[in-house]
Amino acid sequence: MGSITSANAIYMLAIPPLFAVPIQLQGFSADNIFVTDPVTIAETSMGLDGILSAGFVFNAKTQSISLQADSASNNMFDTWVAAQELIKDTFRANGVVLLTAINKKWTMTNGILTTYPPIPDAARTLQPRRFTITWEKVQPAAV
């Protein structure tokens, strides 16, 4: 019988020229390592005569990554944002997610950091920080 554990998930991220060699993210939130939003892949239109027309469309893929407040990987995102603010432009990222439990990997390309929590929320304990990257492509493959 297979496994659906996330405990052995691997997430690698490169942000050239800041981090040209991919770095493995660590210190994920226990409840959410990452969440990828559903993507609309077709537009439809119902004609007055009741015939449905449809067409394929490209859309960006939005993914949120949750890191514990004390994760060392938060520094990568802080550096990414500071560098963008310095040059007043964006740096593009590339990533790989490996889910060994199901023998699959996904390669993500041309990612833009689109949301960034500058400070963790403080409650009884410091809360996870949730970063959003919008990807141009996400391609699955068997491992």
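Quick summary incoming for the structure in this document. Quick caveat, the model's predicted, so the values are computed rather than measured.

**What to know about the side chain of Arg-129**
Within the element layout of this structure, Arg-129 appears in strand 9 (residues 129-135). On the accessibility criterion, Arg-129 (5% relative accessible area) is buried. Separated by 2.7 Å, the side chains of Arg-129 and Asp-78 make a polar contact. Not counting residues up to four positions away in its chain, the partners in contact with Arg-129 are Ile-65, Ser-66, Leu-67, Asn-74, Asp-78, Tyr-116, Pro-117, Pro-118, Ile-119 and Pro-120.

**Looking at the pattern of salt bridges**
One pass over the structure, following the stated rule, counts one salt bridge. Between Asp-78 and Arg-129 there is a salt bridge, with the nearest N and O atoms lying 2.7 Å from each other. Placement of Asp-78 in helix 1 (residues 74-87) and of Arg-129 in strand 9 is noted, with a sequence separation of 51 residues between them. The exposure class assigned to Asp-78 is partly exposed, which follows from its relative accessible area of 25%.

**Looking at the side chain of Ser-66**
Its location among the elements puts Ser-66 in strand 6 (residues 61-67). Once you skip the residues sitting within four places of it in the chain, Ser-66 turns out to touch Phe-28, Ser-29, Asn-32, Ile-33, Arg-129 and Arg-130.

**A look at unusual backbone geometry**
Residue Pro-17 is reached from Pro-16 by a cis peptide bond, and omega for that bond is 0°. Inspection of the secondary structure puts Pro-17 in the loop between strand 1 (10-15) and strand 2 (19-24). In the Ramachandran plot, Asn-103 falls in the positive-phi region, its phi being about 55° despite a non-glycine side chain. Relative to the helices and strands, Asn-103 is located in the loop between strand 7 (93-99) and strand 8 (104-115). Its identity as a non-glycine residue notwithstanding, Asn-110 has a phi of 55°, on the positive side. Take Asn-110: it is sitting in strand 8.

**Regarding the nonpolar core**
Judged by nonpolar contacts, the single largest core of 23 residues is most densely connected at Tyr-11, Leu-13, Phe-77 and Trp-80. The set of elements that each furnish at least two residues to this core consists of strand 1, strand 6, helix 1, strand 7, strand 8 and strand 9. With residues up to four places along the chain from it excluded, the contact list for Phe-77 reads Leu-13, Leu-25, Ile-65, Leu-67, Leu-113, Tyr-116, Phe-131 and Ile-133.

**Quick notes on the pairing of strand 9**
For strand 9, a buried count of six out of seven residues is recorded, marking the element as mostly surrounded by other parts of the structure. Both strand 6 and strand 9 contribute to a ladder of seven bridges, which runs antiparallel. Bridged to Thr-62 within strand 9 is Thr-134. Judged from the three bridges that link them, strand 8 and strand 9 form a sheet pairing that is antiparallel. Counted as the bridge partner of Thr-115 is Thr-132 from strand 9.

Conventions we followed
- Residues numbered from 1 in each chain as written.
- Predicted model: local features only at pLDDT ≥ 70, side-chain atom pairs only at ≥ 80, totals over all residues.
- Heavy atoms only, no water.
- Helix = DSSP H or I, 4+ residues; strand = E, 2+ residues; numbered from the N terminus.
- Buried < 20%, exposed > 50% of the residue type's maximum accessible area, 1.4 Å probe, protein only.
- Polar contact = N/O pair within 3.5 Å; in protein donor to acceptor, adjacent residues only side chain to side chain.
- Contact = heavy atoms within 4.5 Å.
- Salt bridge = Lys/Arg side-chain N within 4 Å of Asp/Glu carboxyl O.
- Core = buried A, V, L, I, M, F, W, Y, C linked by side-chain atoms within 4.5 Å.
- Pairing = 2+ DSSP bridges.

By themselves, these are just geometric observations and shouldn't be taken as functional.
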